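What the coordinates show
One-letter residues, chain by chain:
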Amino acid sequence: MSRNLIDPDDGENRAVRWFLAGYRGMEKVTVGAMKKHMTMSGYPLWPTWCDDQDTEHLTKGGAQVWLRHLFNLEKDPT
């Protein structure tokens, strides 16, 4: 999958943009709900710790780790 993370118009990370939109827009943020949101947005990208945590609440700390993961993917454009 070509990630196409960087928006050429504004230089922002598209996956981070979608993550933040979902995190802000969900009433009850679980890891599974965010994974579904990211998949539907075209960026099925998450840290490996999310693989078996679908029913867990996505905490502020978990969101920060997820965001770091998405920013780190900028270094690997494949």
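Heads up: these notes are all about the structure in this document. Remember, predicted model here, so these are calculated numbers, not experimental data. (Residues numbered from 1 in each chain as written. Predicted model: local features only at pLDDT ≥ 70, side-chain atom pairs only at ≥ 80, totals over all residues. Heavy atoms only, no water.)

**Details of the pattern of salt bridges**
Where side chains of opposite charge bring their charged atoms close, a pairing between them can arise. For the structure shown, the criterion picks out four salt bridges. Between Arg-17 and Glu-12 there is a salt bridge, with the nearest N and O atoms lying 3.3 Å from each other. A relative accessible area of 32% means that Arg-17 is categorised as partly exposed. Residue Glu-12 is classed as partly exposed on the basis of its relative accessible area, which comes to 42%. Residue Lys-35 pairs with Asp-54 through a salt bridge whose shortest N-O separation is 2.8 Å. A residue pair is termed long-range when its members are at least 10 positions apart, and Lys-35 in helix α2 (residues 31–40) and Asp-54 in the loop between α2 and α3 (60–72) qualify at 19 residues. A cluster of three or more residues bridged by salt bridges with shared partners is formed by Asp-7, Asp-10, Glu-12 and Arg-17. (Salt bridge = Lys/Arg side-chain N within 4 Å of Asp/Glu carboxyl O. Buried < 20%, exposed > 50% of the residue type's maximum accessible area, 1.4 Å probe, protein only. Helix = DSSP H or I, 4+ residues; strand = E, 2+ residues; numbered from the N terminus.)

**Side note on α3**
With 13 residues, α3 extends 18 Å from end C-alpha to end C-alpha; this agrees with the ideal 18 Å at 1.5 Å per step. Residues Gly-62, Ala-63, Trp-66, Leu-67 and Leu-70 constitute the buried set of α3. Seen from one end, α3 has its buried residues packed into an arc of 135 degrees, which puts them on one side. (Expected span 1.5 Å × (residues − 1). Arc of directions from axis to C-beta.)

**Focus: the nonpolar core**
With 17 residues, the main nonpolar core has Phe-19, Met-38, Trp-66 and Leu-70 as its most contacted residues. Elements represented by at least two residues in this core include exactly α1 (14–25), α2 and α3. A per-element tally of this core places α3 first, with four residues. Excluding anything up to four places from it in sequence, Met-38 contacts Ala-15, Trp-18, Phe-19, Tyr-43, Pro-44, Leu-45, Trp-66 and Leu-70. (Core = buried A, V, L, I, M, F, W, Y, C linked by side-chain atoms within 4.5 Å. Contact = heavy atoms within 4.5 Å.)

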